[in-house]
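Read off the chains here:
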Amino acid sequence: MYGYILSPNFPEGYPSDSDITWNISVPLGFRIKLYFMHFDLEPSYLCEYDFVKVESGAEQPLLFCGKERTDTEQTPGQQTIYSHGNTMSLTFQSDFSNEERFTGFKVHYAAEDINECEEKLDEGLTCDHFCHNYIGGFYCSCRFGYILHSDNRTCKVECNDNLFTEKSGVISSPDYPNSYPKSSDCLYRIELEEGLFINLQFLEQFDVEDHPEVPCPYDYLKIKAGKKEFGPFCGEKSPGLIETGTNSVQILFHSDDSGENNGWTFSYMSLGTACPLLTPPDNGKIEPVLEQYSFKDQVQIRCNPGYKFVKDGDEVEAYQIECQKSGIWSSSIPTCKIVDCGTPEVLEDGFPRFQTKGNLTTYGSAVQYCCQDVFYVMIPEMNSTYACMENGFWVNDELGTKLPRCEPVCGKPRVKRISILPKIAQGKEVRKGTSPWIAMLAKNGMPFCGGSLIGKNWIVTAAHCLHPPYEPENELASLEIINSTFFKIILGRQKTLIKENTEQPFHAKTIALHPAYNRSTFQFDIALIKLSSKVTLNNYVMPICLPDNTESEKLHTGDMVFVSGWGKQFQHRLPDSLMEIEVPIVDHNQCRSVYAALGRQVTDDMICAGLQQGGSDACQGDSGGPMVVMDRHTLHWFLAATVSWGDGCGEDNKYGVYSDIQKSLAWIQNVTGVKNF
């Protein structure tokens, strides 16, 4: 790796007729660095007597002699000499005489690493992309997407598996518009469906290495289309437009191990058999709109909003057809049919009123829902118009597809009282229609209890009306609810025993007693009867409102209330018609004290009403009937209580006891779902 060489007899004078050669070699990847520490040879013209010659490869030999540099002599001086490769030879010659005592030379050498990445190497030894030096050698690497050729210097690409199946595209030489890689063979295939024909359009920028005399010996581009072959192409002249006339094309590109050309690019497109131009359907459109359609072109046909295609019995919004290689579209253009929302949904106790001429149910038509008469109110209160939308549904701006409801108007009798009645015992006959909510519970044509209509098909009455009388000695018997087929519920009745054309008879479908009902004390003496069918509302049949616990509906001592029924009068006679009394609310503690003295209990769910001097009271047969009051703000009548019990009928210092609806309201609404409207 290093050393020195001395002339013969150094530092004594060197002998005559000397001819000695030293060969120096170091490992590959290194070069030799050589310099003289001492130099003293006989001078002569062009060093023809004595000299030292340094040789390295094909480089011009260096010849040194003398003691100092002259025009005809060259001494090494402080010069450092480098070998071209890893070998060097040094030759010393002296002639037959040595006129003076010349001491000769001392030369040192050392191996020095070559930085191949920085120094200009022989052609073919440089790296295409990246060079990496190490002690004693170097190696090459390539950019992403390239691989190193077997010569370990050249970077090439693997480009033999490029398949294009789209109807149009762009293909370029690797790295275009930069220089394409060396030592590469690329194959590009365009494979389209049979019936299409491929055209290639090369850009003017075409640069492939060529030769002035031999056609394309280095790099070239060839195109194979079925039995046809185009090319080879090279040089700077673009192939321009190539009409292949086939659906399958191969493009072959070859590059050798040299050159820095920029390559090529072309776009390809496919042509096919033309199909006729299309006319959009009425109330529809086609996409895309082209000046010419050819094989494999697809067109989507859409109907305008509110219209749809009918295909195989189903409605579809879009329809797609394709140009076939025969030049005929795959299907004819269908007709856009207007969306039909169909007959509007039926509204219970209401009806749809068409807003468009001809009662149309198609897109753009409108209906307005109305309740069937003044006895119903629409809930929620809103614009009840529904439009036929493009999705085929009737839609309201607020409710969407959900329908409103027609709920009975409560507590608003159409027949007004002529006057407030003065102070059924000692009552006055009710004008027909002023209490349209009252129900008669009748057995064999005889009334035995009353009730009140709430909602469309529920009756509120007294629980003790619906089971046999309480017998302490026969506790089990008193638990039985009477058979619903043994009695009728009659609405719209005025006369006690005479049938009227305004009445509506019903059977009980369901009977429910208040879960806290106590048959021995009449606590929570409330029951519900669901009618066998829905009532027909009119001037003589209308539900009463339930209380809603507002301040205006709270009862206070002295408030006047109305109680009505067909109960017995004095002398135990039934009245001819429905009777009504107006009595005041009695202080609860006062009423409790009166009945406590009689051994009876007045609980918190009870209301007392009547006159201390007696004379006005409910009586036998009035049980379950309504106690009603008008709300001072809404002017609706509401059910305050039901007739429950008492001691006698209208006796002095004995009051009528009623079951407070407010205390049972949550249970009533939970069972019936009835609300006030």
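Criteria and thresholds
Residues numbered from 1 in each chain as written. Predicted model: local features only at pLDDT ≥ 70, side-chain atom pairs only at ≥ 80, totals over all residues. Heavy atoms only, no water. pLDDT = per-residue confidence, 0-100. Helix = DSSP H or I, 4+ residues; strand = E, 2+ residues; numbered from the N terminus. Contact = heavy atoms within 4.5 Å. Phe/Tyr/Trp six-rings, centres within 6.5 Å; stacked < 30°, edge-to-face > 60°. Buried < 20%, exposed > 50% of the residue type's maximum accessible area, 1.4 Å probe, protein only. Lys NZ or Arg CZ within 6 Å of the ring centre and 35° of its normal. Pairing = 2+ DSSP bridges. Axes fitted to C-alpha atoms, helices over the stretch in contact; angles between N-to-C directions. Expected span 1.5 Å × (residues − 1). Polar contact = N/O pair within 3.5 Å; in protein donor to acceptor, adjacent residues only side chain to side chain.

Caption draft 1: Spatial organisation of the confidence of the model for the chain. Mean pLDDT over the chain stands at 88; residues scoring 70 or higher make up 94%. Mean pLDDT values over the elements of the chain span from 77, in strand β27 (residues 314-316), up to 98, in strand β39 (residues 458-461). Taken together, the stretch residues 419-426 has pLDDT below 50 and engages in 36 contacts with residues farther than four places along the chain or on a different chain.

Caption draft 2: How the structure looks around the packing of aromatic side chains. Here the structure, examined in full by the defined rule, presents 21 aromatic pairs. Judged by centre distance (5.9 Å) and plane angle (85°), the rings of Y188 and W264 are edge-to-face. With a gap of 76 residues between them, Y188 in strand β15 (residues 184-191) and W264 in the loop between β20 (248-255) and β21 (265-272) connect regions that are remote in the sequence. Each member of the pair Y188 and W264 is classed as buried. Plain terms: the ring middles of Y595 and W645 are 4.9 Å apart, the flat faces sit at 65° to each other, and that makes the pair edge-to-face. Of the two residues, Y595 is situated in helix α1 (residues 588-597) and W645 in strand β48 (residues 637-645); the sequence distance between them amounts to 50 residues. Here the two residues Y595 and W645 agree in accessibility, since each one is buried. In this structure, K106 is placed above the aromatic ring of Y4, and the distance from its NZ or CZ to the ring centre is 5.3 Å.

Caption draft 3: The arrangement of the sheet that holds strand β28 (residues 318-322) in detail. In space, the three strands of this open sheet follow the order β23-β25-β28, with antiparallel pairing throughout. The sheet is open, and its two edges are formed by β23 (284-287) and β28, each paired on a single side. Adjacent strand axes in the sheet meet at a mean angle of 20°, parallel and antiparallel pairs treated alike. Both β23 and strand β25 (residues 298-303) contribute to a ladder of four bridges, which runs antiparallel. In the strand pairing of β25, K285 is matched with R302.

Caption draft 4: Looking closely at unusual backbone geometry. Of note, the amide linkage connecting G231 to P232 takes the cis form, showing an omega dihedral of 10°. Tracing the backbone through its elements, the reader meets P232 in strand β18 (residues 228-233). Following I379, the chain continues to P380 via a peptide bond in cis, the omega torsion being -5°. Note on placement: P380 falls in the loop between β32 (376-379) and β33 (385-388). One non-glycine residue, N9, adopts positive backbone phi at about 70°. When you line up the elements, N9 lands in the loop between β1 (2-6) and β2 (19-25). N9 gets classed as partly exposed once you look at its relative accessible area, which sits at 49%.

Caption draft 5: View of helix α2 (residues 661-672). In this model, α2 (twelve residues) spans only 14 Å end to end at C-alpha, well below the 16 Å of a helix rising 1.5 Å per residue. Of the positions making up α2, those classed as buried are I661, S664, L665, W667, I668 and T672. Turning to α2, the residues buried within the fold contact β38 (446-454), β39, β42 (508-513), β43 (527-531), β48 and β49 (656-660). The backbone nitrogen of Q662 has a side-chain oxygen 3.0 Å away, supplied by the residue at the start of α2, namely D660. One or two steps after α2, the chain reaches G673, where phi turns positive at roughly 75°.

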